Number of protein chains: 2
Amino acid sequence: MLPGVGVFGTGSTARVLVPLLQAEGFEVHALWGQSEEEAGGLAKELGIPFHTSRSDDVLLHPNVHLVCIYIPPPMTRQIAVNALGIGKNVVCEKAATAVDSFKMVTAARYYPQLLSIVGNTLRFLPAFVAMRRLLMEGYVGEVQVCDVRVYGPSLLDRSYGWTCEELMGGGGLHTIGSTIIDLLSHLIGSRAHRVHGLLRTFLQQSGSICGIRRVTSDDFCFFQMLMGESGSGAGSGGVCCTVTLNFNMPGAFTHEVMVVGSAGRLVARGTELYGQRNGRDGEELLLGDSGWVGPEVPDMPPPHLRGLSSMVTALRHSFQAHDERRSWAREPVAMAPTFEDGLYVQTVVEAVKRSSRSGEWECVEVMTQEPDPNHNLCEALQRNKN
Amino acid sequence: MLPGVGVFGTGSTARVLVPLLQAEGFEVHALWGQSEEEAGGLAKELGIPFHTSRSDDVLLHPNVHLVCIYIPPPMTRQIAVNALGIGKNVVCEKAATAVDSFKMVTAARYYPQLLSIVGNTLRFLPAFVAMRRLLMEGYVGEVQVCDVRVYGPSLLDRSYGWTCEELMGGGGLHTIGSTIIDLLSHLIGSRAHRVHGLLRTFLQQSGSICGIRRVTSDDFCFFQMLMGESGSGAGSGGVCCTVTLNFNMPGAFTHEVMVVGSAGRLVARGTELYGQRNGRDGEELLLGDSGWVGPEVPDMPPPHLRGLSSMVTALRHSFQAHDERRSWAREPVAMAPTFEDGLYVQTVVEAVKRSSRSGEWECVEVMTQEPDPNHNLCEALQRNKN
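Basis of the calculations
- Residues numbered from 1 in each chain as written.
- Chains lettered and ligands numbered in written order.
- Predicted model: local features only at pLDDT ≥ 70, side-chain atom pairs only at ≥ 80, totals over all residues.
- Heavy atoms only, no water.
- UniProt positions renumbered as here; feature names shortened; annotations may be inferred.
- Phe/Tyr/Trp six-rings, centres within 6.5 Å; stacked < 30°, edge-to-face > 60°.
- Buried < 20%, exposed > 50% of the residue type's maximum accessible area, 1.4 Å probe, protein only.
- Lys NZ or Arg CZ within 6 Å of the ring centre and 35° of its normal.
- pLDDT = per-residue confidence, 0-100.
- Contact = heavy atoms within 4.5 Å.
- Axes fitted to C-alpha atoms, helices over the stretch in contact; angles between N-to-C directions.
- Helix = DSSP H or I, 4+ residues; strand = E, 2+ residues; numbered from the N terminus.
- Parallel < 35°, antiparallel > 145°, perpendicular 65-115°, else oblique.
- Nonpolar A, V, L, I, M, F, W, Y, C, P; charged D, E, K, R; others polar.
- Disulfide = S-S within 2.5 Å.
- Salt bridge = Lys/Arg side-chain N within 4 Å of Asp/Glu carboxyl O.
- 1 Å grid on protein atoms, 1.4 Å probe; cavity = no way out; pocket = protein on both sides within 12 Å on 5 of 7 lines; lining within 4 Å.
- Points joined across faces, edges and corners; volume = space filled by probe spheres on them.
- Buried area = accessible area lost by both parts, 1.4 Å probe.
- Polar contact = N/O pair within 3.5 Å; in protein donor to acceptor, adjacent residues only side chain to side chain.
- Pairing = 2+ DSSP bridges.

Chain A is annotated in an unreviewed UniProt entry as Glucose-fructose oxidoreductase domain-containing protein 2 of Merluccius polli. Its UniProt record gives chain A a comment under Function (unreviewed entry), which states: "Promotes matrix assembly." Per UniProt, chain A has the following entry under Sequence similarities (unreviewed entry): "Belongs to the Gfo/Idh/MocA family."

### As for the packing of aromatic side chains
On inspection of all chains with the given rule, the structure shows ten aromatic pairs over all chains. For the ring pair B:Tyr110 and B:Tyr111, a centre distance of 5.2 Å and an interplane angle of 80° mean the geometry is edge-to-face. Judged by relative accessible area, B:Tyr111 falls into the partly exposed class, the value being 22%. Ring centres of B:Phe220 and B:Phe222 lie 5.8 Å apart, and the angle between their planes is 75°; on these two criteria the pair is classed as edge-to-face. In this structure, B:Phe220 and B:Phe222 share a single accessibility class: buried. One aromatic cluster is present, built from ring pairs that chain together A:Phe202, A:Phe220 and A:Phe222. Positioned over the ring face of A:Tyr274 is A:Arg269, at 5.0 Å from the centre of the ring.

### A closer look at the confidence of the model for chain A
Residues and elements named next belong to chain A. On average, chain A scores 90 in pLDDT, and the residues at 70 or more come to 94%. Here residues 230-235 is modelled with pLDDT under 50, and outside its nearest four sequence neighbours on either side it reaches 13 contacts, counting other chains as well. Of the two predicted TM-score estimates for the complex, the pTM is 0.90 and the ipTM is 0.87.

### Focus on the packing of helix 4 (residues 73-85) of chain B against helix 5 (residues 98-110) of chain B
In helix packing, the relevant descriptors are the interaxial angle and the interaxial distance, both defined with respect to the helix axes. All names here are of chain B. At their nearest, the axes of helix 4 and helix 5 sit 9 Å apart, and the two run at 10° to each other. Our classification of the angle between helix 4 and helix 5 gives roughly parallel. Facing Pro74, Thr76, Arg77, Ala80, Val81 and Leu84 of helix 4, the residues of helix 5 in contact are Asp100, Lys103, Met104, Ala107 and Ala108. In terms of residue class, the contact of helix 4 with helix 5 is made up of seven nonpolar, one polar and three charged.

### Observations regarding the environment of B:Arg325
All names here are of chain B. Relative to the helices and strands, Arg325 resides in the loop between helix 8 (302-320) and helix 9 (339-358). Along the sequence, Arg325 and Pro3 sit 322 residues apart, while their C-alpha atoms lie 4.8 Å from each other. Dropping the residues within four chain positions of it, Arg325 is found in contact with Met1, Leu2, Pro3, Gly4, His65 and Phe319.

### Quick word on the state of the cysteines
All chains considered together, the criterion is met by zero disulfides over all chains. With no disulfide partner, A:Cys146 has as its closest neighbouring cysteine sulfur the one in A:Cys241, 3.8 Å distant. B:Cys92 forms no disulfide, and the closest cysteine sulfur to it belongs to B:Cys68, at a distance of 9.6 Å. For B:Cys92, a relative accessible area of 0% gives the class buried.

### Some points on the pattern of salt bridges
Residue and element names in this part refer to chain A. All told, the structure shown has 36 salt bridges over all chains when counted by the stated rule. Where Arg316 meets Glu24, a salt bridge forms, and the shortest distance between an N and an O atom there is 2.3 Å. Of this pair, Arg316 sits in helix 8 (residues 302-320) while Glu24 sits in the loop between helix 1 (12-23) and strand 2 (28-32), placing them 292 residues apart in sequence. Relative accessible area serves as the criterion here: at 19%, Arg316 is assigned to the buried category. Taking the relative accessible area as the measure of exposure, Glu24 reaches 19% and is therefore buried. For Asp341, the salt bridge identified is with Arg123, shortest N-O distance 3.5 Å. Taken together, the positions of Asp341 in helix 9 (residues 339-358) and Arg123 in the loop between strand 6 (116-118) and helix 6 (126-136) put the pair 218 residues apart, joining distant regions of the chain. Overall, the relative accessible area of 16% leaves Asp341 in the buried class. Ionic contacts of the salt-bridge type, sharing partners, join the residues Asp147, Arg149, Glu256, Arg269 and Glu283 into one network.

### Describing empty space enclosed by the protein
In the structure shown here, the tally under the stated rule is two cavities of 30 Å³ or more. In this model, the largest cavity occupies a volume close to 70 Å³. What lines the largest cavity is simply A:Lys94, A:Ala95, A:Ser101, A:Met104, A:Val118, A:Phe339, A:Gly342, A:Leu343 and A:Gln346. Listed by contribution, the elements that provide at least two residues to the lining of the largest cavity are helix 5 (98-110) and helix 9 of chain A. For the lining of the largest cavity, the leading source of residues is helix 9 of chain A, giving four residues. Broken down by class, the residue content of the lining of the largest cavity amounts to five nonpolar, three polar and one charged. Space inside the second largest cavity adds up to approximately 50 Å³. What lines the second largest cavity is A:Phe222, A:Gln224, A:Thr242, A:Thr244, B:Phe222, B:Gln224, B:Thr242, B:Val243 and B:Thr244. Broken down by secondary-structure element, the contributors of at least two residues to the lining of the second largest cavity are strand 9 (220-227) and strand 10 (239-246) of chain A together with strand 9 (220-227) and strand 10 (239-246) of chain B.

### Details of the interface of chain A and chain B
Contacts between the two partners involve 37 residues from chain A and, on the opposite side, 37 residues from chain B. When chain A packs against chain B, the two sides together hide about 3,000 Å² of surface, and 58% of this comes from carbon and sulfur. Sorting the residues of chain A by area buried against chain B places A:Arg200, A:Phe202 and A:Pro250 first, and these three jointly supply 17% of that buried surface. At the surface where chain A touches chain B, the tally comes to zero salt bridges. Our count for the contact surface shared by chain A and chain B stands at ten residue pairs in polar contact (both at pLDDT 80 or more). Ranked by residues supplied to the side of chain A that touches chain B, first place goes to strand 7 (residues 143-151) of chain A with five residues. The residue makeup of the side of chain A that touches chain B, split by class, is 14 nonpolar, 18 polar and five charged.

### Topic: the sheet that holds strand 5 (residues 89-92) of chain A
All names here are of chain A. Within the open sheet, the six strands sit side by side as 3-2-1-4-5-6. Their pairing is parallel. Both edges of this open sheet fall to strand 3 (50-52) and strand 6, since each of them pairs with a single strand only. Neighbouring strand axes in the sheet, compared pairwise and without regard to direction, differ in orientation by 15° on average. Note: strand 4 (residues 66-69) against strand 5, four bridges, orientation parallel. Residue pairing for strand 5: Leu66 is matched across the bridge by Asn89. Each of strand 1 (5-8), strand 2 and strand 4 is contacted by helix 1, which is oriented at about 170° to strand 1, the strand it contacts most. Where helix 2 (residues 36-46) meets the sheet, its contacts fall on strand 2 and strand 3, and the angle it forms with strand 3 comes to roughly 160°.

Here you go:
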């Protein structure tokens, strides 16, 4: 039986998520927004019976057993941890920092019987499901290079807000780059150990963002990740990933993920998958666009939108497997990113930002314990002692 | 009147260059090859009356006033410098090292009345001629990002030779990357001041390259160049260029050069030029493929081949402007890369290689005097003195 759903957020993702949930048979009982007006307006539009701007009203709602959190990154950790704490299943967007992600991991480990997945939806896109299967079957041989580019219009909200602020989780790297980092580790089956990158903010002010306000989040970013063979330096084996993100290109999104290996290559362009084996003439279409009947969302790349739709279907399968409203089966959502994956992704994002400042390759070291707020003090004392 | 031509080289470029010269009305009088057999075979095939394996026989040939040098990079410097020294006009490929390039610059400066251009042909491709004009006219607004990718089949010769050796000027960066470095400085009108890169050799051995022999030249390379605002660090203004080269992709070449600015973008795909201004729907075709009637060369990207053809036409215009066989007009070849440009390109190539070893951003410092071979010794003495 499907659980009742509470949705946090009134942005473009929440706006498209609710109809997708409803179409799969989920009942959305409650909606949270930052203001009563925002929540009320969208609840009315989407036919949600209850709305609020107080998070506990959704978390404690008796009919809500699955909480979907699509809100500004700095608020995600608190809602997600609280939701797990009172026994609700959680699907959420990434947090703003690695420390926040680590706190979410701790909560998820504490409640292993609850569903806790990061709503990164690219893994669920049929093109990437097929790509992963073909990679495992050896279509490209030994993987050498992943080459990803996402180009599109500005990711900034019209008015000043978190999307403009690097420290609040705004910017192309955090918003879109993180989904690519997650996808590549899922496709390749290994993680980045060293990264290098450069971030830029070409558009620092606009008509509505002016005066003393300045955009600090990146609208252009390229980064490289070295994966596999973790002991090796920049010059030796393993997989090289290069990712170019550019959100100074109004018009349709370009979303291309290419994996090149010793025996061929696979390329996902938008939601379609192409392949070419070495020695064959030309590319073959491996998975076409099956025809999207849902809504188009101007500020969301089509692969994200359709991946979201596939994830909601997977959620239905997961919950339908059991009679009890809160229970879920692991298998249909087994490919979803866990909170541990979310922590890894956030760690890479922060390493890329560090690299952009230092100009150097930076190691990816996933946090294993929460940093002591007195850490710097302790270190200073330690140095004095020796 | 067109000068008689002597051609050095029997590789794929020389093989396609001779018919292009002949089609424009140039008489090719002499051909040099590394062995008598190679030279004799190709001379017969292409209808060249004289062939030799001794370079002086071409340089001193009384009917030769223009020398075209398309030979392995380590041999280029000597032939080019000698040719200028005995009063011949020179079109040549890049040298193997910055020191060699510097010696060529010195010779070219010494004989300013002689033509001395680097046969980098992308600048002459009509798509790039149009792109440069549109950039100067402000089509894209302020240039922010250049994004280049060249994918194609292996650049290695079938048997072991210079193409396999990094130190002899083999590899994707030196062979193809250098043409992109030159093109971007020509398009943008400024030079790289800092670069970062990573080179890899995925295919180290093959059927014919085995045993103790190993390929050391790169078959995969990505690099970034920061151009303009030369005083600035990695985090501030100027133009960011990212270049990805991958020659582990059998099949047709992909050759894409994109320039993104504040008001729109221009993309050359192969030999065609597309553009999109911000606010307009979709791309417009700005320059189509005019239909190539010449030969196809499997190991040369089509933009290089057609650029070569346009360069030969420009050479004809340059020499036709005067009655005397040795005289030439500057204007038709004004856009050609000079030997100074060749030195800059080689300096960038070496900085990218240094960056791949160090993992750090490297400065591009173009040599202004020939390095003293006792330099290291002097430095050591200096250190001891202080």
